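Report on the structure
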Amino acid sequence: MKKLDHLDILESESIHIMREVAAECANPALLFSGGKDSIVLLRLAEKAFRPARFPFPLLHIDTGHNFPEVIDFRDRRANELGERLIVRSMEDSIKNKRVVLKRHDQSRNAFQSVTLLDAIAEFNFDACLGGARRDEEKARAKERIFSFRDEFGQWDPKNQRPELWDIYNTRVHPGENIRVFPISNWTELDIWQYIRREKLEIPGIYFAHSREVIRRGNGLMPVSHLVKPLEGEKTEKISVRFRTVGDMTCTCPVESIASNLEEIIMETAATRITERGATRMDDQTSDASMELRKREGYF
Amino acid sequence: MKTMLRFITAGSVDDGKSTLIGRLLHDSKSIFEDQLSAMEKTTKRRGLQGIDLSLLTDGLQAEREQGITIDVAYRYFSTPKRKFIIADTPGHEQYTRNMVTGASTANLAIILIDARRGVLTQTKRHAYLASLVGIPHLVVAVNKMDLVGYSKEAFESIVAEFSDFAARLDIEDIVAIPMSALEGDNVVEKTENMPWYEGETLLSVLENVEREQDIGDFRFPVQWVCRPGQGFRGYMGRIESGSVAVGDEIAVLPSGRNSRIREIHTFDGPLLEAVAPQSVTLLLEEELDISRGDMIVKRDNQPKLSRTFEAMLCWLSEEPLDAKRKYLIKHGTRTSKIVFEKIDYRVNVNSLEQESGIASLSMNDIARVGLRAQHALAADSYAKNRATGSFILIDEFTNNTVAAGMMT
C-alpha cells in the first residue's frame, strides 16, 4: 500500500478544499499573480479538476508595479493551461480616482484591496481562492481556511466561524464573499519542496542573479524605475534572489547564490529569517500591519 | 520519508503553555531571528528581562492590547523526520469551543500540568475533551519540575492521580513526561536534572508516535462529478478512510446501486489502488446516477443508513439552541435539514456528571442528543470513523456554524 509523505497529505487536503469551493460556491475565482504560491495553486487545481477545465477563471490584481518577468510568466502560464485570465489593474483604479496615491512610486500593496473588491463586485464573485499561508504572518496564523468577508470586504478576526474537521461551511449572504486558502497549512519549505517534486516552472527572479540594489534599513531594495538611490545611498551589484514577488517598491531580494531548487531548499531549511520579515518592507512598519490591511479587505 | 503529525496543546498561560510551544520551536530551531528580535523588543518594552518565549504565540493586535488569546492559532515546525502542525488554543473563556475546534484535526494532545499545583479540574476537562474528540494519543506534560526540586515523588503522585481519572476515559495511549519548558528540560534535549526519568523527551514522542496508516472501512463521499465531455464520467472526492482498488465491488449510498471500480484516475496517471487520505477520481463500470452528497463504499462493508441518529454535540454559537427550530446539517459532502428529537443529558465538563432535564444548549455546552434528518445519512459512529461520524450544524438564517457533532 502506498505510503504517503507530508507533501502527499498537504496536496490532498488542498485538492479537497478546492473541490468543495467548486461544488458549493456559485461563482468562484482563483487569484493568480505569477508568484510561487499561486503557481502551486494552479498545479493543485490541475490535480483537482483535470481532465475537465477549471470551474473558475484566474484573476490577477495588477498593481502596475510588478516585475515584468513575473507578468510575462503569468500570461504564458495561463495560456499553456488554456484557462481564462482576468486582469484588473490598479492603474485603472487610480485613473478612476478609486485610489488616490500621494506619490506615484509609493507602495501599492495596501491599495490592492480597492481594485480587488471592485473586481469582486464587477464579476459577482462569491469566493476567491488565494495562495496565503498561515506560516507567513501572525494574523494569518489565526485565519480560517474559509475566511468570511462582510459586504465591505472586511475580515473580523474576533468573529470567525469555527472550523472543525474538514467540514467547511461555505454559506454566504448576497454581497458577502469568502476568501479560501487551500495552502493554509503549507510552509515556505513545503512550497519549495513541492515545486521541486512537481518540476514546476517559476519566474527566473526566484533564482540567484546579479542585481543592482540599495541597502535600506535591514533590507535590500532592488533598483528600478520606481526605486532610485536617495541622497547618501549608494547602489551595489550583488547576487540576490527573491523569496516573494510582489510590488517592486516594497519587495526585497535576499543575498543568495542559490541558482537551482536544490540550493534554494537548502537555504530555506537553514534560513534564520521569516519570509515576510526578509522581503516585505510594508510588514515592518508595525507589529500589526498585516492585520490592519486584512481588516480593510486585503487578501 | 517525512511524515506529518497534527497536535493540540491544552493548558493555560499559567501552566507555561506558551513557553512550552516557544521552547519547542526555539530548540528545534524553528524560531526566526526577526521573530526573536521582535520578542526581545516587546519584552524590554514591558520592563522585563531576556526573551519571553510566550510572546511568539501572541497573535492579533486586539489580543496584545488586552493581553488575552481569542482564538485557535496554528503553528508550524518541522524536523528532518516530521512536519508538525500545532493547534494552539487559549486556556480560559470559550475553552470548550476552542479546544474542540483545535482538537478535531489533531492526532495527539499535550495536556499541561503545573507540577506545583497537580491535577486540577481544568486538567480533567482537557482530558475529557481530548477523549470526546477521539484523539488517540495523549501526552501529560508535567511542567515546572524545576520549581519542585525535580522531585520524582511529586511527578509520580501527579501521574498516579491523572491515571486514576483517565481510566474512566477512552484514550488509547497515554505518556507522562516530567519537564521544565522554561529551562528546556526534556522538551527537546534530555536533561541531567532528572536522572530518574528514563523515558523519551517530548520531541522524541512527537517524532515517533505511531501515525497508523488508515486501514479502516472504505468511505468515499462524492464531492464533484467530472463530465468534461463524451466518454468521461468521474466521481471526484477524497478517500476518508480505508482503501480501494480497481475491480472492487462497490455500492452507492443512499441509492444502494451496485457497480465496480473501472479506473482510479489522477492527474499523475491511473492507480491500481488508492488509500486514505488521497484525493482521486473514481470511474465505474456502469453509468449510475450519482451526485454530490452520495457516498461510494464497498458492497460488503457498508455504513448505517438512517434518518435518525444520536450524537454528542458541542454547542459553539453565542446564540443558544432553539430546540423547536430546524437547522442545517453538513455531514461529509451532504447538507440536509435536521430537527431535535430529544436532549438526553448535558455533560458537566468539570465533574463529568450527566445533567438531565435540559431544554436548550448554550455556548460551550456538551450534550447527548437525538436528531432526525430530512434525508437518510450514511454514517458510522465517530468512535469508529472520525470522518463519517462527524458533522456540523448551521443556522440557515445567520449562516453561522452553531454546533459540532459526533455520532454515537
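Structure's up top.
Throughout what follows, the structure given in this document is the object of discussion. Counting restarts for each chain, with residues numbered from 1 along the sequence as it is written. Labels are handed out in written order, letters beginning with A for the chains and numbers beginning with 1 for the ligands. Since the coordinates come from a predicted model, pLDDT governs what is reported: local features require at least 70, and pairs of side-chain atoms require 80 or more to be given and counted, while whole-chain, interface and lining totals use all residues. The side-chain numbers reported here are obtained from all heavy atoms of the structure, hydrogens and water having been left aside.

**What about the sheet that holds strand E8 (residues 219-222) of chain A?**
Residue and element names in this part refer to chain A. Here four strands make up an open sheet; going across it, the order is E8-E7-E9-E10 and the pairing antiparallel. For this open sheet the edge positions go to E8 and strand E10 (254-255), each flanked by a neighbour on one side alone. Two strands form a pair only when DSSP identifies at least two bridges running between them. Only DSSP runs of H or I with at least four residues qualify as helices, and only runs of E with at least two residues qualify as strands; both kinds are numbered from the N terminus onward. Bridge count for strand E7 (residues 209-216) against strand E9 (residues 235-241) is six bridges, and the pairing is antiparallel. Its bridge partner lying in E9, Ile214 is registered against Thr235.

**Some details on the sheet that holds strand E5 (residues 146-149) of chain A**
Hydrogen bonds along the backbone pair up the strands of a sheet, which may run parallel or antiparallel. Residue and element names in this part refer to chain A. Pairing is mixed across the open sheet formed by six strands, whose spatial order is E3-E2-E1-E4-E6-E5. The two strands at the open ends of the sheet, each matched to only one other strand, are strand E3 (85-89) and E5. Going across the sheet, the axis of each strand differs from the next one's by a mean of 30°, ignoring polarity. Pairing geometry for strand E1 (residues 28-31) and strand E2 (residues 58-62), over two bridges, is parallel. Note on E2: the bridge partner recorded for Leu30 is Leu58. Contact between two residues is taken to exist if any of their heavy atoms lie within 4.5 Å; hydrogens are not considered. Geometry is summarised by axes, namely lines fitted to C-alpha atoms with helices restricted to the contacting stretch, and by angles between N-to-C directions that run from 0 to 180 degrees. Relative to E2, helix H3 (residues 68-81) is tilted by about 165°, and along the sheet it contacts E2 and E3.

**Quick word on helix H1 (residues 17-27) of chain B**
Residues and elements named next belong to chain B. Extensive coverage of H1 is indicated by the burial of 10 of its 11 residues. For H1, the complete set of buried residues consists of Lys17, Ser18, Thr19, Leu20, Ile21, Gly22, Arg23, Leu24, Leu25 and Asp27. Those residues of H1 that are buried are in contact with strand E1 (3-10), strand E2 (73-78), strand E3 (82-88), strand E4 (108-114) and helix H7 (202-208). The rule is simple: take the accessible area with a 1.4 Å probe, protein chains only, and divide by the maximum for that residue type; under 20% is buried, over 50% is exposed, in between is partly exposed.

**Here we look at empty space enclosed by the protein**
All names here are of chain B. Computed over the protein atoms alone on a 1 Å grid, cavities are sets of points where a 1.4 Å probe fits but cannot get out and pockets are open sets with protein on both sides within 12 Å along at least five of seven lines; a residue lines them when it has an atom within 4 Å of a point. Grid points are joined across faces, edges and corners, and a volume is the space filled by probe spheres set on the points. In the structure shown here, the tally under the stated rule is six cavities of 30 Å³ or more. One number sums up the size of the second largest cavity: a volume of about 100 Å³. As for the second largest cavity, its lining consists of 14 residues, of which Gly293, Met295, His331, Arg334 and Ala378 are closest to the centre. Per element, the largest residue contribution to the lining of the second largest cavity is three residues, and it comes from strand E19 (residues 366-379). Three classes are used: nonpolar for Ala, Val, Leu, Ile, Met, Phe, Trp, Tyr, Cys and Pro, charged for Asp, Glu, Lys and Arg, and polar for all others, with Gly counted as polar. Along the lines of polarity and charge, the residues of the lining of the second largest cavity split into eight nonpolar, four polar and two charged. Here the lining of the second largest cavity gathers at least three residues from each of two domains, domain 2 (219-298) and domain 3 (304-407). Start and end points for every domain follow an automatic or database-based domain assignment.

**Observations regarding the nonpolar core**
To form a nonpolar core, buried Ala, Val, Leu, Ile, Met, Phe, Trp, Tyr and Cys residues must be joined to one another through side-chain atoms within 4.5 Å. If you look at the biggest cluster of nonpolar residues, it comprises 137 residues, and the most contacted ones within it are Leu30 of chain A together with Phe7, Tyr128 and Leu202 of chain B. By residue number, the principal contributor to this core is helix H2 (residues 36-49) of chain A, which donates eight residues. Residues within four places of Leu30 of chain A in sequence aside, it is in contact with Met18, Leu41, Leu42, Ala45, Phe56, Pro57, Leu58, Leu59 and Leu129 of chain A. Counting residues in hydrophobic clusters, the runner-up holds 23 residues, among them Ile329, Leu361, Leu393 and Val402 of chain B.

**Observations regarding the packing of aromatic side chains**
The rule is short: rings of Phe, Tyr and Trp, with Trp giving its six-membered ring, pair when the centres are within 6.5 Å, and they are stacked under 30 degrees, edge-to-face over 60, tilted in between. Within this structure, the stated rule accounts for 17 aromatic pairs over all chains. Seen in terms of ring centroids, Phe218 of chain B and Phe220 of chain B are 6.3 Å apart; in terms of plane orientation they differ by 20°. Their pairing is stacked. Here Phe218 of chain B falls in the buried class, since its relative accessible area comes to 3%. Ring-pair connections join several aromatic residues into one group, and the members of that group are Phe49, Phe54 and Phe56 of chain A together with Trp224 of chain B. Two conditions define a charge sitting above a ring: the NZ of Lys or the CZ of Arg must be within 6 Å of the ring centre, and it must be within 35 degrees of the ring normal. The ring of Phe148 of chain A is capped by Arg161 of chain A, whose NZ or CZ atom sits 3.6 Å from the centre of that ring. Its guanidinium or amino end placed over the ring of Tyr327 of chain B, Arg325 of chain B lies 4.7 Å from that ring's centre, counting from NZ or CZ.

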